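What follows is the residue order along each chain.
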Amino acid sequence: MTQTTEASVVQEPQTDSRRRRTRVHRAWFVAAVAFVTITGAAAFRSLPGLLIDPLHQEFHWSRGTIGLAVSINLALYGLTAPFAAALMDRFGIRRVVAAALGVIALGSGATVWMTAAWQLLLCWGLLVGLGSGSMALAFAATVTNRWFTERRGLVTGILTAASASGQLIFLPLLSWIVSEHDWRPAAVTVALAALAVVPFVWLLLRDHPADVGLKPYGAKEFVPKPEPVPGAARRTVKVLFSAVRTGPFWLLAGTFAICGASTNGLIQTHFVPAAHDHGMPITAAASLLAVIGVFDVAGTIASGWFTDRFDPRRLLAVYYALRGVSLLFLPMLLAPSVQLPMVFFIVFYGLDWVATVPPTLALCREQYGDDSAIVFGWVLASHQVGAALVAFLGGVARDTFGSYDVVWYASGALCAAAALMALVIRRKPVARVALA
């Protein structure tokens, strides 16, 4: 009886094949829900930078204390990702993402009642960090791996661009709320945004195509849903121990650490103060930084399209090489006013901002098969570590040398090293074997 039922699910009626071809595959609806979820997650990542001055003025906490909460948030954003990917294999995507949204709502909403600095570390550092990390790029990798066989690079690019889209939407909104209505309504807005996404996740997101009797998009055969994998934390660590014994992991982690160092750690953290050092108004510098997000969307989606068609190693080499060259020219472009060469730099850097994600994920998938989402989570952790180091060391260099010039030159050299590292990654044969 069971065999008959399964066969009826696997075999599609011949008379219905034309109708099937004309319908939009369910995978695209799942990707759309994931896009909305990741877009909403950008709200949780946009607010911490807006809280520093209001919290300092109201509670007289040092900026170092407030910055520590942001640092915990960023660190957990990266370190939670691989464990979240394993939890999705164990309990399903819907449950993990819905729980993460609930944790974010709790952490953000509870900040309105805090009176001590440790409560900020707990609410925004720990809770929001854990929740947002569970919806990091490892979530996008899990959705892409399960629901798509074709167009994986394109879907990865779209879901990666969702984060930039969210910052474009929420950063101006939250900034306006903070300036006009204080920081508490902004924190409540983030909590409500998290809760608003939960029904969409629970009702529309599905863990696997087999749950609705479908093949993954582009697959020629039906793929049964794998059994839940017990011991999520143990598996995550086991995959890491297996991955670190392979050369490609260190090359991928190293290049992605440089990616984080040259984007979130460098430009996102130090571009505005560096431009202000040269006489540019802070509002103008911040506007240029926001423009990067606009072109980030186009660049990431285009990179996903390229990844489906070209060698991802060569794409990474080109991206890092061009990024390095642009950083070497940046000290000459900084001026009191916005000139055309600076506009060109902003457009170019926006196109290249996270264009590295689709080819990096493609190489993880090629090298590590079913464990690729977890491995990519660890690679993403290296991205955050690189960002954190340069965010700190860039400030030290500014204090020591009186300018950021040495930071731009050193980062350009690091990008050149990343380009070489990408080229020496060995491609794996078509047959793929999971690590654990």
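Residues numbered from 1 in each chain as written. Predicted model: local features only at pLDDT ≥ 70, side-chain atom pairs only at ≥ 80, totals over all residues. Heavy atoms only, no water.

Colleague: Explanation requested: a nonpolar patch on the surface in the structure shown.
Modeller: A surface patch of nonpolar side chains, amounting to about 510 Å² of accessible area, comprises Val325, Leu328, Phe329, Met332 and Tyr409. Top contributing element to the nonpolar patch by residue count: helix α15 (residues 312-333), with four residues. Tracing the backbone shows leucine 328 in helix α15. (Patch = residues over 30% accessible without salt bridge, like charges linked within 9 Å, V, L, I, M, F, W, Y side chains within 5 Å. Areas by Shrake-Rupley, 256 points an atom, 1.4 Å probe, with all protein chains shown as cover. Salt bridge = Lys/Arg side-chain N within 4 Å of Asp/Glu carboxyl O. Helix = DSSP H or I, 4+ residues; strand = E, 2+ residues; numbered from the N terminus.)

Colleague: Even after reading the chapter, I still don't get the packing of aromatic side chains, so can you show me in this structure?
Modeller: Given two aromatic rings, one states the distance between the centres and the angle between the planes to describe the pair. A complete count under the given rule lists eleven aromatic pairs for this structure. Between the aromatic rings of tryptophan 28 and tyrosine 217, the centroid separation amounts to 5.3 Å while the plane-to-plane angle is 75°, which identifies the pairing as edge-to-face. Residue tryptophan 28 is located in helix α3 (residues 26-46), and its partner tyrosine 217 is located in the loop between α10 (183-204) and α11 (232-243); the two are separated by 189 residues in the primary sequence. Here tryptophan 28 falls in the partly exposed class, since its relative accessible area comes to 26%. Of the residues examined, tyrosine 217 reaches a relative accessible area of 22% and is grouped as partly exposed. When the centroid spacing of 5.9 Å and the interplanar angle of 50° are considered together, the rings of phenylalanine 256 and phenylalanine 376 count as tilted. With phenylalanine 256 in helix α12 (residues 247-262) and phenylalanine 376 in helix α18 (residues 372-401), the pair connects residues that are 120 residues apart, well separated along the chain. The pair formed by phenylalanine 256 and phenylalanine 376 is uniform in burial state, with each residue classed as buried. Following the ring pairs from residue to residue traces out a cluster consisting of Trp28, Phe148 and Tyr217. Positioned above the aromatic ring of tryptophan 202 is the side chain of arginine 94, whose terminal nitrogen or guanidinium carbon lies 4.6 Å from the ring centre. The ring of tyrosine 349 carries arginine 323 above its face, with NZ or CZ at 6.0 Å from the centroid. (Phe/Tyr/Trp six-rings, centres within 6.5 Å; stacked < 30°, edge-to-face > 60°. Buried < 20%, exposed > 50% of the residue type's maximum accessible area, 1.4 Å probe, protein only. Lys NZ or Arg CZ within 6 Å of the ring centre and 35° of its normal.)

Colleague: I keep staring at unusual backbone geometry and nothing clicks. Help me out?
Modeller: Trans is the common state for peptide bonds, and a negative phi is the common state for residues other than glycine. Despite not being glycine, aspartate 182 shows a phi value in the positive range, around 80°. Its place among the elements puts aspartate 182 in the loop between α9 (152-181) and α10.

Colleague: I keep staring at the packing of helix α17 (residues 357-368) against α18 and nothing clicks. Help me out?
Modeller: Angle between the axes and distance between the axes: these two values describe a pair of packed helices. The interhelical angle for the contact between α17 and α18, taken along N-to-C directions, is 130°, at an axis separation of 8 Å. On the basis of their axis angle, the class for α17 and α18 is oblique. Seen from above, α17 lies across α18 with right-handed handedness. Two secondary-structure elements touch here, α17 through Val357, Thr360, Leu361, Cys364, Arg365 and Tyr368 and α18 through Ser372, Val375, Phe376 and Val379. Among the residues forming the contact of α17 with α18, the class breakdown is seven nonpolar, two polar and one charged. (Axes fitted to C-alpha atoms, helices over the stretch in contact; angles between N-to-C directions. Parallel < 35°, antiparallel > 145°, perpendicular 65-115°, else oblique. Left-handed = near helix turned anticlockwise from the far one by under 90°. Contact = heavy atoms within 4.5 Å. Nonpolar A, V, L, I, M, F, W, Y, C, P; charged D, E, K, R; others polar.)

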